[in-house]
Amino acid sequence: MTRHTAAPRPQGGRQPAAPASKSAATSASTSAAASAATPAKRGITAIDLRIYRAVVSAVMSHRLPPGTRLGEADFCELYQVSRTTVRKALQRLAHDHIIELRPNRGAVVASPSPREARDVFAARRALEREIVPLVVSNATPASLRAIRAALEAEEQARHSGDRAGWIRLGGEFHLLLAELSGNAVLQRFMGELVSRCSLIIALYETPGAPMCGNDEHGDLLALIEQGKAEQAVALIEHHLLEIEARLQLAAPERKVNLAEALAGC
């Protein structure tokens, strides 16, 4: 069975690695297991981060569906902070495509259209078709260890029932491959596409769907180890097509209580 591929996180701060370098691959392994809420910009505060993480977690857990309005006053009351602080957190969430800031309506959970979702996945497939052969040709013992460590982190999250963490680590796996490709431009584009795919998956996959094992990620590692670039490309395309096919892009809207959705975050 296939599994999730992504998890939204503040973009930026990730530098391209030279795959042939042992230290670069070690760094890639560390970043692949890092928190999804690494600050996108300097000056982030603990409360900004808390609000960011709370919204991301609620979206990933289907507690905040597409189109949910996120009122500034509600955040101010929930977290006892100023509107300025709330707006900073909302700006970061908008930067990572988790929410949209709409004129005269304020912040709402992003609701990508079916056409947009298909376009994002098509772009993602095109990008990964270029990335995977580079990972194969640049593979070293150190980079393979980094990929294996990322797989182990995913499996641990799955066994613990941590869906949000599991989705995030799935995204980190693909970002690690982009880093190990050695192409900084592809890596930068992947940062945005993984974030957008993560949101689409979290919003439109069937709530309560079982967390399947990361079989295809493991199979991909085996093909990389064997130097089989053509087969690896075919597998990654199949992987992404199956994930897209599982999405319910016309899911009905439902109203939620923001305080209840963010409870405990």
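Residues numbered from 1 in each chain as written. Predicted model: local features only at pLDDT ≥ 70, side-chain atom pairs only at ≥ 80, totals over all residues. Heavy atoms only, no water.

Strand direction decides the pairing type here: strand β1 (residues 69-70) and strand β3 (residues 106-109), joined by two bridges, are antiparallel. Opposite R69, over in β3, you have V108 as the bridge partner. Here strand β2 (residues 99-102) pairs with β3 via four bridges, running antiparallel. What sits directly across from L101, in β3, is A107. Taken together, β2 and the strand that follows it, β3, pair antiparallel across an intervening segment of three residues, in which N104 is found at a positive phi of about 70°. (Pairing = 2+ DSSP bridges. Helix = DSSP H or I, 4+ residues; strand = E, 2+ residues; numbered from the N terminus.)

Moving on, we get to the packing of aromatic side chains. Using the criterion set out here, one finds one aromatic pair in the structure. Seen in terms of ring centroids, F75 and Y79 are 6.3 Å apart; in terms of plane orientation they differ by 15°. Their pairing is stacked. Here F75 pairs with Y79, and both are found in helix α3 (residues 72-79), just four residues apart, close to one helical turn. Like F75, the residue Y79 is buried in the burial classification. (Phe/Tyr/Trp six-rings, centres within 6.5 Å; stacked < 30°, edge-to-face > 60°. Buried < 20%, exposed > 50% of the residue type's maximum accessible area, 1.4 Å probe, protein only.)

Direction vectors running N to C along helix α7 (residues 163-180) and helix α8 (residues 184-204) enclose 165°, while the axes themselves pass 9 Å from each other. When the interaxial angle is binned, α7 and α8 end up roughly antiparallel. Classified by chirality, the crossing of α8 by α7 is right-handed. Along the contact surface, α7 presents G171, H174, L175, A178 and E179, while α8 presents Q187, M190, G191 and V194. (Axes fitted to C-alpha atoms, helices over the stretch in contact; angles between N-to-C directions. Parallel < 35°, antiparallel > 145°, perpendicular 65-115°, else oblique. Left-handed = near helix turned anticlockwise from the far one by under 90°. Contact = heavy atoms within 4.5 Å.)

Further remarks concern the pattern of salt bridges. With the rule as written, the count across this model stands at 13 salt bridges. D48 is the salt-bridge partner of K88, the closest N and O atoms lying 3.4 Å from each other. Residue K88 is found in helix α4 (residues 83-95), and its partner D48 is found in helix α2 (residues 46-60); the two are separated by 40 residues along the sequence. Across the salt bridge formed by R87 and E72, the nearest N and O atoms sit 3.0 Å from each other. (Salt bridge = Lys/Arg side-chain N within 4 Å of Asp/Glu carboxyl O.)

With 18 residues, α7 should cover 26 Å at 1.5 Å per step; its first-to-last C-alpha distance of 26 Å lies within 8% of that length. For α7, the tally of buried residues reaches 17 of 18 residues, placing the bulk of the element in the interior. G182 occupies a position one or two residues after α7 and carries a positive phi of about 80°. (Expected span 1.5 Å × (residues − 1).)

Such coordinate-based values are descriptive only and should not be taken to indicate function.
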